[in-house]
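Here's the letter readout for the chains.
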Amino acid sequence: MPETRGTGTTVGDAAMSAPKKQEAVPGLALGLALLSAGPVVILVLLIVVLSFLSPYLLTGRNLSNILAQTAVISVVAMGQHLVILTRGIDLSVGSNVALASVVGALSFHAGAPASVVIAVMVGCGAAVGTINGLFYVFGRLPHPFIITLATLSIAKGLALQLADGRAIPGMPDAIDALGREAVWGLPGSVFVVAGVAAVLFVMAKTMVWGRWIYAVGGRPDAALRMGIPVSWVLVSVYVISGLCAGIGAVILAGRTDAGSPLFGNLLELDTIAAVIIGGASFLGGRGHLGHALIGAIMIGVIRNALNLLNVNVFFQLIVIGVVIVIAVESDVLRNYLEGRMRVLQAGRQS
Amino acid sequence: MSAVAANVESAPTVDHPVLAVRGATKRFGSVVALDDVSIEVRRGEILGLLGDNGAGKSTLTKCISGVHQLDAGAIFLDGAPTQIRSPADARFAGIETVYQDLALFDNLTPGQNFFAGRELAWPRWLPRGMRFLQQRRMDAETRILLANLKVTLPRLDAVVAMMSGGQRQAIAVARSTVFARKVVILDEPTAALGLRESRQVLNLVATLRDQGNAVILITHNMEHVTELADRAVVLRQGRKVGELVPTKDNKQELVSMIVGA
Ligand SMILES: Nc1ncnc2c1ncn2[C@@H]1O[C@H](COP(=O)(O)OP(=O)(O)O)[C@@H](O)[C@H]1O
Ligand SMILES: [Mg+2]
């Protein structure tokens, strides 16, 4: 009776020797490739078309402007993206930004130095996120929709209460600097976005935790059976989403030199839209940070261009809504095409 | 040491049951899914677990692999009573399961599926989730594993969603061989497979046995039972109604035990 399994001296290419099968369905493969490249293609087309309509769009000054305007959506959308990867949703991010900014402004007026004010805002964001995660997972709620809807309301009410319903002007200079031009004509906030993106990218790509997020999003029950600590993975994404909201509050406070209970209005919708428009799947387990960023920039470009073209705000809402429908439908189409491809391959096998 | 090369732990005696379940009882509300069921599997042996749909086969295996907890009864590993509170416990104890629904991650590649929950990562002193993936090591081990098992996949960098039923089944079975050290449970691994694909999966099952694992094989296919199983246990409505050594001649007996005629 054999005692061990061989370590295999004949690795060979046996496992790799049949790569041609896939190419037998070129039409479908092409369709799938186009769909996954979709958001980038659409973004480029959008910029080309809009720049014809409004030549000012592609000036350096305006591009820098677009990036500054989308910094908050971008940062918060990256957190939202992690949540959506696990089939969840975080409705509280907008109120969380408002609360964090108000708490930050109050701490500044109480005499805290810039570093403490920043820590307070980010910490406040993370705290709300932690509450979301713990209640969702250990409160055994059927869907994160419920708890994040509750914290949306609670954080908003708390922010209004603390600030007496008004904006609180004044932020430390170090925070205001984020709103000012830093290098290459870009505002400091853009570098914060880039920094957060870099850290999250490394975490999602190279750490075991990142792999677990995809596993949990792909199939939560299987993740449990494979011994992945699903509860903690879920809590972690809400904590990070809250943390990103806190960072968003810092950026917004810097741009406006204030904290306000009215910040972050509808930010939950913008960030969810960004993630979906960017090409991540609502079905969980599919997508990467780039999707959130591309989606955020797409929203920024559309808003900016419509502004330049003097299109009113109501119409902007409609356009964004239409883009969301297109994005979700292409997600459905992608799943369908993958299914077709699988059937065809199975047929070819036997 | 390579994870793929992990040895099957040697049991004290060849005849010692690696896994024994005694008096297993499990209810779901008013449904009695298992009623006082006892089974034993030895090292290097394949136990066929038979029964009609709803007989309790999947429930029994899920109790062994930690998905469900027994209401009454006990599980013994190498003769020692063992509490299996979670799937992680079961895997830690050397029990691998190929679930009826495969439990594959469609959005991950075959290699990522093999190592899901047991990623090779460093440094050791960090908590598991914060370690950094050793992707190249996992890729290399995946290639060695698939070559050893003679499983061919069109691409190793494509997600499992893109693969055929047979390929997915092979991936799920191959995954259990990565870390199997004692017991492997396969829940209807050839259901819905063509002839050639079934053959490939059955070969994998035989490989698992030859490696010295105790194997529990659930199937509806009598040919597969007579060919592979050293013993067969029949469940009906949650009860164990018979146990015998399957041969070509007692196939009819087995079938009537299953349907209760
Ligand atoms: N999670 C569950 N909740 C409620 N009832 C269940 C559950 N799992 C199995 N059952 C019931 O237990 C019985 C045995 O099911 P199962 O073990 O899946 O049978 P088999 O695998 O032999 O077809 C069936 O009556 C089934 O409906
Ligand atoms: Mg079953």
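The notes below deal with the structure included here. (Residues numbered from 1 in each chain as written. Chains lettered and ligands numbered in written order. Predicted model: local features only at pLDDT ≥ 70, side-chain atom pairs only at ≥ 80, totals over all residues. Heavy atoms only, no water.)

## Quick word on the pattern of salt bridges
For the structure on display, the rule yields 22 salt bridges over all chains. A salt bridge links B:D101 to A:R225; the shortest N-O distance between them is 2.8 Å. Taken together, the residues B:D101 in the loop between β6 (95-98) and α3 (110-114) and A:R225 in helix α9 (residues 220-225) connect one chain to another. On the basis of relative accessibility, which here comes to 10%, the residue A:R225 falls in the buried class. We note a salt bridge from B:D35 to B:R239, for which the minimum N-O separation is 2.9 Å. You can see B:D35 sitting in strand β2 (residues 31-42) and its partner B:R239 sitting in strand β12 (residues 239-244), a full 204 residues away along the chain. Using a relative accessible area of 24% as the deciding quantity, one classes B:D35 as partly exposed. Here the salt bridges share partners, and the residues they tie into one network are A:R219, A:D221, A:R225 and B:D101. (Salt bridge = Lys/Arg side-chain N within 4 Å of Asp/Glu carboxyl O. Helix = DSSP H or I, 4+ residues; strand = E, 2+ residues; numbered from the N terminus. Buried < 20%, exposed > 50% of the residue type's maximum accessible area, 1.4 Å probe, protein only.)

## Notes on the nonpolar core
Membership of the largest hydrophobic core comes to 147 residues, with the highest contact counts inside it found for A:M78, A:M121 and B:L186. Of the residues forming this core, the biggest block, 15 residues, is contributed by helix α10 (residues 230-256) of chain A. Aside from chain neighbours lying at most four places away, what touches A:M121 is A:A100, A:S101, A:G104, A:M171, A:I175, A:G246, A:A249, A:V250 and A:A253. Core analysis: the second largest hydrophobic core is formed by 27 residues, B:L19, B:I64, B:I95 and B:V183 among them. (Core = buried A, V, L, I, M, F, W, Y, C linked by side-chain atoms within 4.5 Å. Contact = heavy atoms within 4.5 Å.)

## Focus: the pairing of β2(B)
Residues and elements named next belong to chain B. Pairing of strand β1 (residues 17-28) with β2 involves 8 bridges; the strand directions are antiparallel. Pairing of A24 across the sheet is with V37, part of β2. As consecutive antiparallel partners, β1 and β2 are separated by 2 residues, and within that stretch G29 has a phi angle of approximately 60°, a positive value. (Pairing = 2+ DSSP bridges.)

## A word on the packing of helix α8 (residues 208-218) of chain A against α10(A)
Residue and element names in this part refer to chain A. Put simply, α8 and α10 touch, their axes get as near as 10 Å, and they point 105° apart. Classified by the interaxial angle, the pair formed by α8 and α10 is roughly perpendicular. Where α8 approaches α10, its residues W209, W212, I213 and V216 are matched on the opposing element by V230, V233, L234, S236, V237 and I240. (Axes fitted to C-alpha atoms, helices over the stretch in contact; angles between N-to-C directions. Parallel < 35°, antiparallel > 145°, perpendicular 65-115°, else oblique.)

## Comments concerning the side chain of B:N113
Residues and elements named next belong to chain B. Turning to its location among the elements, N113 is positioned in helix α3. Overall, N113 belongs to the buried group, its relative accessible area being 0%. A polar contact is formed between the side chain of N113 and the backbone nitrogen of F105, at a distance of 2.7 Å. Beyond its immediate stretch of four places on either side in the chain, N113 contacts L104, F105, L108, V160 and R175. (Polar contact = N/O pair within 3.5 Å; in protein donor to acceptor, adjacent residues only side chain to side chain.)

## Things to note about the site of ligand 1
Residues and elements named next belong to chain B. Looking at ligand 1, the residues that line it are F28, V31, A33, D52, N53, G54, A55, G56, K57, S58 and T59. Take K57: an N or O atom from its main chain is 2.8 Å from an oxygen atom of ligand 1. Within the contact set of ligand 1, an oxygen atom lies 2.6 Å away from a side-chain nitrogen or oxygen of T59. When ligand 1 is considered free in solution it has 550 Å² of accessible area, and contact with the protein chains removes 60% of it. Here the residues of the shell around ligand 1 sort into 4 nonpolar, 5 polar and 2 charged. (Near = heavy atom within 4 Å. Areas by Shrake-Rupley, 256 points an atom, 1.4 Å probe, with all protein chains shown as cover. Nonpolar A, V, L, I, M, F, W, Y, C, P; charged D, E, K, R; others polar.)

## Overview of the environment of B:V241
Residues and elements named next belong to chain B. On the secondary structure map, V241 appears in strand β12. V241 sits 204 residues away from V37 along the chain, and the two C-alpha atoms are 9.3 Å apart. Non-local contacts of V241, meaning those with residues more than four positions away in its chain, are made with V234, L235, R236 and M257.

## Focus on the sheet that holds β6(B)
Residue and element names in this part refer to chain B. Spatial ordering of the open sheet is given by β6-β9-β10-β3-β11-β12, a layout of 6 strands whose pairing is mixed. In this open sheet, the two strands that pair with only one neighbour each are β6 and β12. With strand direction ignored, the average angle separating the axes of adjacent strands in the sheet is 20°. Direction of pairing for strand β9 (residues 183-187) relative to strand β10 (residues 214-218): parallel, over a ladder of 5 bridges. Following the sheet pairing, D187 is matched in β10 by I218. Running at roughly 175° to β6, helix α5 (residues 165-179) makes contact with β6 and β9 of the sheet.

What is shown is where atoms sit, not what they do.
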